[in-house]
Structure formats: C-alpha cells, structure tokens
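So the chains spell out like this:
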Amino acid sequence: MSSPVSYRLEGSIGVITVDYPPVNALSQPVRKGLLDTVSAAQNDASAALVILCAGRTFIAGADITEFGKPLKSPWLPELLAAIEASGKIVIAAIHGTALGGGFETALSAHYRCALASARIGLPEVKLGLLPGAGGTQRTPRLAGVQASLDLITSGTPISATEGKALGLIDRIIDGDLREGAIAWANELVAEGAPVRKSSEQPVPEFDPGIFDAYRTEVARRARGQIAPGHIVNCVEAAATQSFEAGMAIERAAFTECMDSPQSAGMRHIFFAERTAAKVEGLAKDTPIRPVATVGVIGGGTMGGGIAMSFANAGIAVTMIEINDEALQRGLSIIDRNYGGSVKRGKLSESDAAACRALISGSTDYAALADVDLVIEAVFEDPELKKTIFKKLDGVCKPGAILATNTSYQDVDAIAAVTNRAEDVIGMHFFSPAHIMKLLEVVRGAKTADDVLATVMALAKKIRKVPVVSGVCYGFIGNRMLRPYGETAQLLLLEGASPQQIDNAMESWGMAMGPLRVFDLAGLDVGYKARQALSDDEKGDPKTYRIPDLLVELGRMGQKSGTGFYTYDENRRAKPDPAVDGLIEIAAEDLGVERRSIKDEEIVDRLISALVDEGRKILAEGIAQRSSDIDVVYVYGYGFPASRGGPMFYADNR
Ligand code: 3H9
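In this report, we go over the structure that sits alongside the text. Keep in mind it's a predicted model, so treat the numbers as computed, not measured.

Reading the values: the criteria
Think of each chain on its own: its residues are numbered from 1, step by step along the sequence as written. pLDDT decides what is reported in this predicted model: residues at 70 or higher carry local features, side-chain atom pairs at 80 or more are listed and counted, and totals for whole chains, interfaces and linings draw on all residues regardless. Side-chain numbers come from the whole structure's heavy atoms, not from hydrogens or water. Strands here mean DSSP runs of E at least two residues long; helices mean DSSP runs of H or I at least four residues long; both are numbered from the N terminus. Only protein chains enter the area calculation, which uses a 1.4 Å probe; residues under 20% of their type maximum are buried, those over 50% are exposed, and those in between are partly exposed. By the convention used here, residues are in contact when the closest approach between their heavy atoms is within 4.5 Å. To measure how exposed things are, a 1.4 Å probe is used in the Shrake-Rupley method; for residues, cover is taken only from the protein chains shown. Charged residues are defined here as Lys and Arg on the positive side and Asp and Glu on the negative side; His and the ends of the chain fall outside this count. Taken as the charge centre is NZ of Lys, CZ of Arg, CG of Asp or CD of Glu, depending on the residue. In this analysis the probe radius is 1.4 Å and the grid spacing 1 Å, with only protein atoms considered; a cavity is a set of points the probe fits into but cannot get out of, a pocket is an open set with protein on both sides within 12 Å along at least five of seven lines, and lining residues have an atom within 4 Å of a point. Grid points are joined across faces, edges and corners, and a volume is the space filled by probe spheres set on the points. Only residues whose relative accessible area exceeds 30% and that form no salt bridge enter a patch; like-charged residues are grouped when within 9 Å of one another, and nonpolar side chains (Val, Leu, Ile, Met, Phe, Trp, Tyr) when within 5 Å. Counted as salt bridges are all cases of a side-chain nitrogen of Lys or Arg within 4 Å of a carboxyl oxygen of Asp or Glu. Only rings of Phe, Tyr and Trp enter the pairing, Trp through its six-membered ring, and a pair is recorded when the two centres are within 6.5 Å. The plane angle decides the type: under 30 degrees is stacked, over 60 is edge-to-face, the rest tilted. By convention in this text, a residue qualifies as near a molecule or strand provided that one of its non-hydrogen atoms is within 4 Å of it. Whenever two N or O atoms come within 3.5 Å, that pair is a polar contact, provided that in protein one can donate a hydrogen and the other can accept it, and provided that, for residues adjacent in sequence, both atoms are side-chain atoms. To qualify as a nonpolar core, a set must consist of buried Ala, Val, Leu, Ile, Met, Phe, Trp, Tyr and Cys residues joined through side-chain atoms within 4.5 Å. Every crossover in which the path from the first strand over the helix to the second runs clockwise, viewed with the strands pointing away from the viewer, is termed right-handed. Should DSSP find at least two bridges between two strands, the strands are taken to pair.

1. What to know about the overall build of the chain
Then step 1. Helix and strand counts for the chain stand at 27 helices and 19 strands.
Then step 2. The buried share among the 653 residues of the chain stands at 55%.
Then step 3. Here the contacts in the chain between residues at least 6 apart in sequence split such that 73% fall between residues at least 24 apart.
Then step 4. Surface exposure of the chain reaches about 27700 Å², of which carbon and sulfur atoms provide 53%.
Then step 5. Where the 68 positive side-chain charges of the chain centre and where its 82 negative ones centre are 2 Å apart.

Below, the structure written as structure tokens:
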C-alpha cells in the first residue's frame, strides 16, 4: 500500500503532503509516513520543510477509531518531538480545520501559516479528553495562559485570524495556500529564520490566581466531567514547570481520560451522530431536490426558531400567519432574538441584519406558490394541520416538499389529505429551534426516497443533527418521554419530592430534572392532551393525578409562576410546601404507601423507563439503530453525552 504521505522538492523547499481522506486523521500510516519523511528530509538538499494536506482539510486530529485499542508505534507525541527537533525549519500550512492532534502537529512545526478561512482548535474536551500530544504545553507558550484555558476547556475552534492575534498563527496566506506557503518558506530561508521550537518559548506573564478561579468555573460548567479539571492542571504545569515535566503530567491525565467511561460515552456519541445521518436502504446516489426557498407556517416560538435556522444558513424564508397582528408579533420575536445574539457577541450586527433580511412574512398562502419546502409549525391540533395540508396541496408547486413539525401526530394521516403523500415528511424541531441541534426526520409510509435524502442533506446545511424516525405517537424522543414522566409521577406518590427527583437526575448529569422540564413546557399541554383521551387511553391515574390537580389549581408551570415549584421573578424554582401537601393527599387517595426513596433508585427507575421504551422502539423498527436513540436523547433532551445516551449507558453499565 502506498504511503498517505508524499514528498517533493520544490526548488529548495521540501513539501510534505498528507493525503488521507476524508479528513487526514493521524492514523498509524500517516504518523509513520510523516516520521519517515521528516527524518529522510534531514539529509537531502532541502533548506526548509512545508507540511500541508490534500483534500478538504488540514489534519483534523488523531484517528478516533484507534482510541481504546493498543497504541501502534510511532505515538503522536514521538512524531511531534521529531518534527520539532528537525534541524531545518518546518512550516505548517493550514486550510480547512486543524483540530486536536492536527493542530498539535502544527504547533510542533516552527512556523505556521493558514488561509483566512481556516479554523484551528483543540476540541478533545468534547470527546472527554484533553490534547495528548503537547497541546496543553505548547499552546500556553505561544498564546498565554488565559487564551489557552479558554481554547482548550471550551474545545471551540477559532478562526485563523483570531489565531494570528493570539500568536498561534504567524501568517495569513491570500490565494493559493501551497504557493503562498512555499514563497513564505523561501523568504524565511533567505532571512535566516531560526528553528523556533514552541516548547522552548517562555510562557507570557500570567496572574497566578487564574488557575484556582478557572478550576472553580469548570467544576460548575462541566458537571462531573473529569477532562476540564485536568486541562487546567496541565496548563498550570506548562506555566510553572519544565516542558518535559508538563508533558509527563499531560500524558498521565490523557491516559486517565482515555480510559474513563466518560470519554467512551462521548466518543460513542461522536460516531453515533455521523451514523445517524445515514439512512438504511437509501441509495447513496439518491437525487436531492434543490431547496433555495422555504415557507414556514406559524410565527410562534417554534415557527420563528425554524425560520431563523434556515435564514442563518442563507436560505430565504416566507413566514405565514393568520393575520397581520400575529405576523408582526412573530417577526418582532425574531428581531428580538437576533438582537440578543448580537448583544451576546454570537453574531455581528451586519451578519444578523443579513440573516434577518432573508425572512419575510405574509398572511396569504399564495406567497408559498414557488417555495421548495414548506414546514407547518402550528399548534398540535390534528384537524387544523390537515386543513393546512389541503391548502398547501392546492397552492404549492409540483415537487415542493411539504413538512410538518408535529411532535406527536400521525404523519401518514396528514399526508393522506393531500394528492402527493410522497412529498410529505415530518421535520420535528426542538425548541428553541434556532439553538437546539436535534431534528427528528419522520419518514411516512409513502415518503419518497428523494424527499428523505433532501431533508437529511438540508439538515446538515442548517447545522442540525438529523435522526430518522418511523411514524408512531411521539416518534422516538417524546414517546420515550412518556414512561419517563410517568415514572417520575410514581416516584412522587411513593415518597420522593420534586426537588429530590430533579436534583438526583441533575447530579447524575441530566441538563434538567423531569419536573423542572414539565414546568418549563407547561403542565396544561399534557392536561389538554389527556382531556381528549378515554380513561383507558389515559392509563393508570397514578401516572397523571398530580399534574392534573396542579393544573386544576391554576398551576401551569413556569408560565403561571407556579407548577411543581414556585418561581421567582428570575424564573428560579423554589420548593413549595403546598405541592408536598398535594402529593400526600393524592397518594392517600390512590392508596399509595409513602416511604423514603434513595437517589440511586430514582435514577435507576427513570433511566430504565427510557431504556425499556427505547428497546420497544427498536424492536418495532421506529428507530433504525440503537445509537440513533442515543443521539436523540443527547441532542434533544439534555441527556449527558458523557454517559453516551440511554441505550449505550444501559448496554455498558
Ligand atoms: C485528538 O486529536 C487527540 C490528540 O490530542 C492526542 C492523541 C495522542 N478520526 O464530521 P464529518 C470521520 S482527538 C477518525 O461528517 P465534516 C467521520 O467519522 C481528535 N475519523 O465531516 C466521518 O466518517 P464517515 C480531535 C474521523 O466535514 C468522516 O470523517 N479532533 C475523524 O462535517 C467525515 O466527518 C476532533 O475531534 C477523526 N478525528 O466535518 C475533530 N474526524 O463518513 C473531529 C472525522 O464514515 N472531526 N472523521 O461517517 C470533526 O470535528 C469533523 O469531522 C470535521 C469535518 C470538522 C473535521
């Protein structure tokens, strides 16, 4: 097999090219190829070496598929030590994304240049890891302590221009990267630029109190994850000890993280997310329908968020509301959201204005005559949805995709009111839709393959994580939420308090406990849905008596200021003795004996409720694979990625 690393002398510059699709990850053949090439180049006619990559990106990191398996020589830290020890200057030339071990490779070079469009970063923390090839030691020596802590504990990549401002990139190249990098290498040779080892640079001055402050901050933010605390320790070692001592500390911490179940869970989610994008039985060459314009029906919180998701990806949106007043209200919420993004520094004023300009409104369905995709996002009334789909069938052009954002309804029944059931699909966004990453894509019995393929591709374009679900009440996520919520109600009756349940689940890692979630969503929503059901359909009264009583007392959740908790003006939840009393009365009435319940039992029963339903969903073929369910729960329901999702957790505990 030929090596993924090639070498060519361009005048007096030795150009080393890594060509290992799809993302030039540092698999063993790449590491070996680089080591052999850099070593051989020490004895040839070259005056300097340039490392660059073919394809869409610079090295995107270590090969994650190798993790958890025995290490194969050469190790990345050995390779990077050899690059840094080169007697000839080495220049890294970056395009695409230089991430993790890829950016560490660039740091081991003596000089770094990049296209302005390139991004650099150390995202290991998102895999439950820390940079394990000198990233925690070399970055602070170039960018200082504060910037390094920010970069490595967040894992968020920065632009090459930001990197230049921090001292991580030396030069931005305009035009062709290869040509520009070779020209710069020649300049450096001509001016006698020295071999400049990052490991030998002094760490710029820093405030010694920063480490403790940061440790406190990451302990609060990282909720039980071990990698962020280790990162702070490693950066502290970089700032206070020798490079060699720091490398030893980094290696020990990296090994501990790599062996932890947290990293195993997060690595599982990394691959699960990418696997979820693949649809079984859908040919790779399935044609994609062009989607340049989108219609959104409904200007509420959900419709507005959906409109913003498309506008943020440069796609024009027409929002439809029933009258001018509702339309203006919807558009003004969008204005406010963009204003908020500008204030928080997430978007520049001009970018926000450009996105906002892509959203227009109308009260006339005729405005949807030419759009490529329509998403209906009105409230959960099946008859209303059917009426809307009949109208869409009348006005939309042939080939337009008609999607419903329903959370529960039967997509096939909605499709059946049209004369084009093959064009109908579910696109279930999660609120707030411009922020939440999950998109459940509901494949109806008659949904055409190219409609499904188009929506999956579009999801990626609008930066969502799509997961395919079959048709059933609540699809994957909300269907599993039902037994989870019902178990929480049983636990209340049996003796746990709302705050005990929520605290137990949050300490375990859930972003929010179940009762706080119900209060946030509004208790009246479930109440109204239950009113439409027969006693049989409602199931065991023990599973809904308490929320019914709360709603009947006017306690709708956060929106009314009271629910399972009482909320202050800052929406902070406070335990309410009235709720404890009400639970006791309900328990007595339903003949449930109360007892003291341990936190472990709470976690165990709630997670088992999710997993049991997940298994049924798999058996029925509603989800394609177990890992898809994990993706739904991590990206849509605040399940901790460090536990790998409910199914991974159940299979590995
Ligand atoms: C690390 O570096 C540790 C070191 O500090 C220390 C070591 C000692 N490995 O995302 P995409 C696959 S930790 C293996 O759809 P995009 C991916 O699974 C690593 N495979 O493309 C997919 O495969 P498939 C730190 C990888 O254009 C295909 O490539 N680095 C890796 O949307 C395309 O991926 C990171 O965490 C990998 N490192 O996004 C970066 N990366 O087609 C992780 C990707 O079979 N990668 N694949 O499904 C990314 O963030 C994105 O992939 C990237 C491209 C932004 C690069």
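2. Concerning the layout of surface pockets
Then step 1. In this structure, the second largest pocket spans a volume of roughly 240 Å³.
Then step 2. Lining the second largest pocket are Arg 119, Ala 147, Asp 150, Leu 151, Ser 154, Thr 156, Pro 157, Ile 158, Glu 162 and Leu 166.
Then step 3. Those elements that place two or more of their residues in the lining of the second largest pocket are α5 (145–154) and α6 (160–166).
Then step 4. With 4 residues, the top contributor of residues to the lining of the second largest pocket is α5.

3. Regarding helix α4 (residues 135–143)
Then step 1. Across the 9 residues of α4, 9 count as buried, placing the element largely inside the fold.
Then step 2. All buried positions along α4 are accounted for by Gly 135, Thr 136, Gln 137, Arg 138, Thr 139, Pro 140, Arg 141, Leu 142 and Ala 143.
Then step 3. Immediately beyond the C-terminal end of α4, within one or two residues, lies Gly 144, with a positive phi of roughly 85 degrees.

4. A short note on unusual backbone geometry
Among all residues except glycine, the phi angle is most often negative; among peptide bonds, the trans geometry is most common.
Then step 1. Across the junction of Ser 73 and Pro 74, the peptide omega takes the value -5 degrees, indicating a cis bond.
Then step 2. Considering the arrangement of structural elements, one finds Pro 74 in the loop between β3 (48–53) and α2 (76–84).
Then step 3. Cis geometry is found at the peptide bond from Ser 431 to Pro 432, where omega equals -5 degrees.
Then step 4. The phi torsion at Asn 24 lies on the positive side, around 55 degrees, for a residue other than glycine.
Then step 5. Mapped onto the elements of the fold, Asn 24 is located in the loop between β2 (13–18) and α1 (28–41).
Then step 6. Of the residues examined, Asn 24 reaches a relative accessible area of 2% and is grouped as buried.
Then step 7. Of note, Arg 223 is a non-glycine position whose phi angle comes to about 40 degrees, a positive value.
Then step 8. Checked against the element boundaries, Arg 223 lands in the loop between α8 (210–222) and α9 (227–240).

5. Some details on the environment of Pro 398
Then step 1. Inspection of the secondary structure puts Pro 398 in the loop between α15 (382–395) and β14 (401–404).
Then step 2. Among the residues examined, Pro 398 registers a relative accessible area of 76% and is labelled exposed.

6. A closer look at a positive patch on the surface
Then step 1. A surface patch of positive charge is lined by Arg 56, Lys 278, Lys 284 and Lys 460.
Then step 2. Checked against the element boundaries, Lys 278 lands in the loop between α11 (261–276) and β10 (293–297).

7. With respect to the packing of aromatic side chains
How two aromatic rings sit relative to each other is given by the distance of their centres and the angle of their planes.
Then step 1. With the rule as written, the count across this model stands at 10 aromatic pairs.
Then step 2. Measuring from ring centre to ring centre gives 5.7 Å for Phe 206 and Phe 211, while their planes differ by 70 degrees; the resulting arrangement is edge-to-face.
Then step 3. Residue class for Phe 206 comes out partly exposed when judged on its relative accessible area of 28%.
Then step 4. Residue class for Phe 211 comes out buried when judged on its relative accessible area of 2%.

8. What to know about the site of the ligand
Then step 1. Taken together, 26 residues lie around the ligand, and Arg 56, Glu 104, Glu 124, Arg 274 and Lys 278 are the ones closest in.
Then step 2. Contacts to the ligand include Ala 60, whose backbone N or O atom sits 2.9 Å from a nitrogen atom.
Then step 3. Lys 278 places a side-chain nitrogen or oxygen 2.5 Å from an oxygen atom of the ligand.
Then step 4. Breaking the shell around the ligand down by element, the ones donating at least two residues are β5 (97–99), α3 (101–108) and α11.

9. Comments concerning the side chain of Arg 625
Then step 1. With respect to the helices and strands, the residue Arg 625 is situated in the loop between α25 (599–619) and α26 (626–636).
Then step 2. Residue Arg 625 is classed as buried on the basis of its relative accessible area, which comes to 14%.
Then step 3. Separated by 2.8 Å, the side chain of Arg 625 and the backbone oxygen of Lys 278 make a polar contact.
Then step 4. In contact with Arg 625, not counting residues within four places along its chain, are Thr 275, Ala 276, Lys 278, Glu 280 and Leu 618.

10. What about the pattern of salt bridges?
Then step 1. Summed over the entire model, instances satisfying the criterion amount to 41 salt bridges.
Then step 2. In this structure, Arg 443 engages Asp 449 in a salt bridge whose closest nitrogen and oxygen atoms are separated by 3.4 Å.
Then step 3. Asp 449 gets classed as partly exposed once you look at its relative accessible area, which sits at 37%.
Then step 4. The partner of Arg 545 in a salt bridge is Asp 589, and the shortest N-O contact between them spans 2.6 Å. Taken together, the positions of Arg 545 in helix α23 (residues 545–552) and Asp 589 in helix α24 (residues 577–589) put the pair 44 residues apart, joining distant regions of the chain.
Then step 5. Asp 589 sits in the exposed class, given a relative accessible area of 55%.

11. Considerations on the environment of Lys 437
Then step 1. Within the fold, Lys 437 resides in the loop between β15 (424–429) and β16 (438–442).
Then step 2. For Lys 437 and Val 634, which are 197 residues apart along the polypeptide, the C-alpha to C-alpha distance reads 9.7 Å.
Then step 3. When neighbours within four sequence positions are excluded, Lys 437 is seen to be in contact with Arg 463, Lys 464, Val 465 and Tyr 635.

12. Concerning the nonpolar core
Then step 1. With 62 residues, the main nonpolar core has Leu 34, Ile 94 and Leu 168 as its most contacted residues.
Then step 2. Sort the elements by how many residues they give to this core and α9 lands first, with 6 residues.
Then step 3. Among residues more than four places away in sequence, those in contact with Ile 94 are Phe 58, Ala 106, Cys 113, Ala 114, Leu 115, Ala 118, Ile 120, Ile 169 and Leu 177.
Then step 4. In terms of nonpolar packing, the next biggest core, distinct from the first, is built from 59 residues, Tyr 484, Tyr 567, Tyr 637 and Phe 639 among them.

13. Notes on the pairing of β15
Then step 1. Counting buried positions along β15 gives 6 out of 6 residues, so the element sits mostly inside the fold.
Then step 2. The alternating pattern of β15 places Val 424, Gly 426 and His 428 and Ile 425, Met 427 and Phe 429 on opposite faces, both of which are buried.
Then step 3. Note that the unit made of β14, helix α16 (residues 411–416) and β15 has a crossover that is right-handed.
Then step 4. Note: β15 against β16, 4 bridges, orientation antiparallel.

14. Comments concerning the side chain of Arg 141
Then step 1. Counting through the fold element by element, Arg 141 comes out in helix α4.
Then step 2. This buried residue, Arg 141, is left without a salt bridge; Glu 244 holds the nearest opposite charge, at 7.0 Å.
Then step 3. Dropping the residues within four chain positions of it, Arg 141 is found in contact with Ser 198, Ser 199, Gln 201, Pro 202, Val 203, Pro 204, Ala 238, Gln 241, Ser 242 and Phe 243.

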